[in-house]
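Topology and contacts: notes
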Amino acid sequence: MIEVCGLSKHYGEVLAVDDLTFAVRPGEVTGFLGPNGAGKSTTMRMIVGLDAASSGTATVGGRPYAAQPAPLKVVGALLDPGAVLPSRTAFHHLLALAAGNGISRSRVAAVLEEVGLEKVSRRRAGTFSLGMRQRLGIAAALLGDPPVLVFDEPLNGLDPEGIVWIRSLMRRMAAEGRAVLMSSHLMSEMELTADHLIVIGRGRLIADTTMKDFIEAHSEREVFVRSPQAEELRSMLGAAVQVRTESSDALVVTGLEAAEIGALASVSGVELHELAPRQVSLEKAFMDLTRDAVEYQSEKETSR
Ligand SMILES: Nc1ncnc2c1ncn2[C@@H]1O[C@H](COP(=O)(O)OP(=O)(O)OP(=O)(O)O)[C@@H](O)[C@H]1O
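In what follows, the accompanying structure is described. The structure displayed is predicted, hence computed values, not measured ones. (Residues numbered from 1 in each chain as written. Predicted model: local features only at pLDDT ≥ 70, side-chain atom pairs only at ≥ 80, totals over all residues. Heavy atoms only, no water.)

**Examining the packing of helix α4 (residues 130-142) against helix α5 (residues 160-175)**
Two numbers describe how α4 lies on α5: the axes approach to 13 Å, and their chain directions differ by 10°. Here α5 runs roughly parallel to α4, going by the angle between their axes. Each of Arg135, Ile138 and Leu142 in α4 lies in contact with α5, whose residues at this interface are Glu161, Gly162, Trp165, Ile166, Leu169 and Met173. Looking at side-chain class alone, the contact of α4 with α5 contains 6 nonpolar, 1 polar and 2 charged residues. (Axes fitted to C-alpha atoms, helices over the stretch in contact; angles between N-to-C directions. Helix = DSSP H or I, 4+ residues; strand = E, 2+ residues; numbered from the N terminus. Parallel < 35°, antiparallel > 145°, perpendicular 65-115°, else oblique. Contact = heavy atoms within 4.5 Å. Nonpolar A, V, L, I, M, F, W, Y, C, P; charged D, E, K, R; others polar.)

Structure, rendered in structure tokens:
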């Protein structure tokens, strides 16, 4: 379990993390979301002792990272996949980490296999692609078989097969009872991977909730309707209901349940070809919630 309590970080004038309090529980993947510059990496760096907090605490298993006798056995982290000596082979990079933490040589071979790098383990890390470096970083995080995992943007540079692999790895790690904290800007993947969400903006906590509740609470439900009499249906729905025309025979309705639209169509003799409640995406819910916390935005942003 990770416990963050009143955590803040100043970089000179910049308040990168502002009084954050949250917990990352075992048995779940917790998605860590926020616009660019929100403070996600800084928070993760403080959890694993790479940055000192200006105030507040971050503990793993009840202790700060610096007080862990064998840190890799308590928390595994992928924060900066570039942090590898380019002249070292993948095998020797992991072996050096293992030696400092009382981890066996056979475990090095096992994690190389787990991340699919066993065939290139004798190649120098400097020759690795971004995706391969990412896999090597994940191998390092898994090395001590820790109960807590922290992954900052693990999907960066991965191909579609790699992205699916990360999803199943994260799910498996959580199913084994580990606490997994993962940041990503890929909302569609986050939606498939995370059980719980911590959302921050400008260093402050915006939401700490389950994925399901987050989506339900931060977006209106829509119903997709296809009808050869779409215009007729539209005029019947009235002004209190929001209706968007998607095409000549399709409407998207907000403010009524599918059953209510079906009943209305039925009594009016309007023919329906499709009537489907739409699951609103995490992406839309996230963008609606964090609109005011976005620091870096294109002037030509299209509103959707
Ligand atoms: N070493 C540093 N020195 C000065 N400012 C920093 C430093 N590291 C981060 N910051 C600032 O702290 C804020 C939070 O940055 P951070 O990298 O934690 O955000 P993030 O949520 O991880 O962003 P992204 O999604 O773009 O990776 C930003 O304003 C950033 O410029």
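**Examining the pairing of strand β10 (residues 222-226)**
On a regular strand, each side chain points to the face opposite its neighbour's, so the side chains alternate between the two faces of the sheet. The buried fraction of β10 amounts to 4 of the 5 residues, a majority that puts the element mostly inside the structure. Pairing of β10 with strand β12 (residues 250-254) involves 5 bridges; the strand directions are antiparallel. Its bridge partner lying in β12, Val223 is registered against Val253. Pairing analysis gives 5 bridges linking β10 to strand β13 (residues 274-278), with the strands arranged antiparallel. Each residue of the ladder has a partner; that of Arg226, found in β13, is Glu274. (Buried < 20%, exposed > 50% of the residue type's maximum accessible area, 1.4 Å probe, protein only. Pairing = 2+ DSSP bridges.)

**Details of the sheet that holds β10**
Strands sit in the order β11-β12-β10-β13 across an open sheet of 4 strands; the sheet is antiparallel. Both outer strands of the open sheet, β11 (242-247) and β13, are each paired with one neighbouring strand and no more. Ignoring strand direction, the axes of neighbouring strands in this sheet form an average angle of 20°. Set on the sheet, helix α9 (residues 258-268) makes contact with β10, β12 and β13; between it and β13 the angle comes to about 160°.

Limitation: the analysis is restricted to geometry and does not speak to function.
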